[in-house]
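Descriptive structure summary
Chain residues, written in single-letter form:
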Amino acid sequence: AQSVAQPEDQVNVAEGNPLTVKCTYSVSGNPYLFWYVQYPNRGLQFLLKYITGDNLVKGSYGFEAEFNKSQTSFHLKKPSALVSDSALYFCAVRDRGLTGGGNKLTFGTGTQLKVEL
Amino acid sequence: SAVISQKPSRDICQRGTSLTIQCQVDSQVTMMFWYRQQPGQSLTLIATANQGSEATYESGFVIDKFPISRPNLTFSTLTVSNMSPEDSSIYLCSVSPGTGANEKLFFGSGTQLSVL
């Protein structure tokens, strides 16, 4: 079985400060890890993914995430937050050993990021 | 990449009626996925729609309640049947054109359904 935990329902940060949105996962084998963002009244947009290789993954809009196998974490980070980053962020995992592609993704419950002036 | 058009974007429906949601993709894809996003909860996969065969439903979802059509490689519909207030959710269609290292899901903009 695979699962994802996003321990924070909401994260508040001041504009210009660094932000971190936490994600931990559990899989039987090795993971594919993803971050998606959902703006109000919009579908989910892909931010970044970890497949293999470098543990630090860079994605869209200046976001990055670090894969930490020992801590089974994939926290999303940005050095300097913008008000426009305010949105709902989802972490997702798939066990590489499972076939079927997207239909085996498991999503976290989401973290609402609020960036204030 | 893939661009997905989903409609309607929102609807308010009466209990006991049905609503059909349409999803159009700008490229041919083998599988299309239907998700439900309930208020304050994560995305839950309802079913996978394959062209030319019956959809594959996840545990807790049945064809009588959520019939799916997939007439070609760029289009799918999801019907929410005999609706109740518990069906109030956002419904999302998605595709994953790539595989392996190129794998990632693209989503439609969602259908916000409210059942009175």
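The coordinates are above.
Below, the structure is looked at part by part. Nothing here was measured: the structure is a model prediction, and the numbers come from that model. In every chain, residue numbers begin from 1 and rise along the written sequence. Chain A is the first chain written and ligand 1 is the first ligand written, with later ones labelled in order. Per-residue local features of the predicted model are confined to residues with pLDDT of at least 70, and side-chain atom pairs are confined, for both listing and counting, to 80 or more; whole-chain, interface and lining totals are unaffected and use all residues. Only heavy atoms go into the side-chain values, all of them from the structure, while hydrogens and water stay out.

We now examine unusual backbone geometry. Residues and elements named next belong to chain B. P8 follows K7 through a cis peptide bond whose omega is 0°. Here P8 is to be found in the loop between β1 (4–7) and β2 (10–13). Here the phi dihedral of N82 falls at roughly 45°; this positive angle occurs in a residue that is not glycine. A run of H or I in DSSP becomes a helix once it reaches four residues, and a run of E becomes a strand once it reaches two; helices and strands are each numbered from the N terminus. Residue placement: N82 occurs in the loop between β8 (75–80) and β9 (89–95). For the exposure calls, accessible area comes from a 1.4 Å probe over protein chains only, and a residue counts as buried if that area is under 20% of its type's maximum, exposed if over 50%, partly exposed in between. According to the relative accessible area criterion, N82 is exposed, its value standing at 54%.

Attention now goes to the nonpolar core. Within the largest apolar cluster, 28 residues are counted, with the highest numbers of intra-cluster contacts made by A:W35, A:L47, A:L48, A:F74, A:L76 and A:Y89. Of all the secondary-structure elements, those providing two or more residues to this core are β2 (10–14), β3 (19–21), β5 (31–38), β6 (44–50), β8 (64–68), β9 (73–78), β10 (87–95) and β12 (111–116) of chain A. For this core, the element with the most residues is β10(A), which contributes four residues. Two residues form a contact once any of their heavy atoms are found within 4.5 Å. Not counting residues within four places of it along the chain, the set of residues in contact with A:F74 comprises A:C23, A:L33, A:F34, A:W35, A:L48, A:K49, A:Y50, A:V57, A:A65, A:E66 and A:F67. Only buried residues count toward a nonpolar core, which is a set of Ala, Val, Leu, Ile, Met, Phe, Trp, Tyr and Cys residues joined through side-chain atoms within 4.5 Å. Counting residues in hydrophobic clusters, the runner-up holds 27 residues, among them B:I4, B:Y91, B:C93 and B:L113.

To continue, consider the layout of surface pockets. A pocket, in this scheme, is an open set of points on a 1 Å grid over the protein atoms alone with protein on both sides within 12 Å along at least 5 of 7 lines, while a cavity is a set where a 1.4 Å probe fits but cannot get out; residues line either one if an atom lies within 4 Å of a point. Grid points are joined across faces, edges and corners, and a volume is the space filled by probe spheres set on the points. Approximately 440 Å³ is the volume attributed to the largest pocket. Forming the boundary of the largest pocket are 24 residues, of which A:Q38, A:N41, A:L88, B:Q37 and B:I90 lie nearest the centre. Of all elements in the fold, only β10 of chain A together with β11 (111–115) of chain B reach the threshold of two or more residues within the lining of the largest pocket. Here the lining of the largest pocket gets three residues from one element, more than from any other, and that element is β10(A). Grouping the constituent residues of the lining of the largest pocket by class yields seven nonpolar, 14 polar and three charged. Here the nonpolar group is Ala, Val, Leu, Ile, Met, Phe, Trp, Tyr, Cys and Pro; Asp, Glu, Lys and Arg are the charged ones; every other residue, Gly included, is treated as polar.

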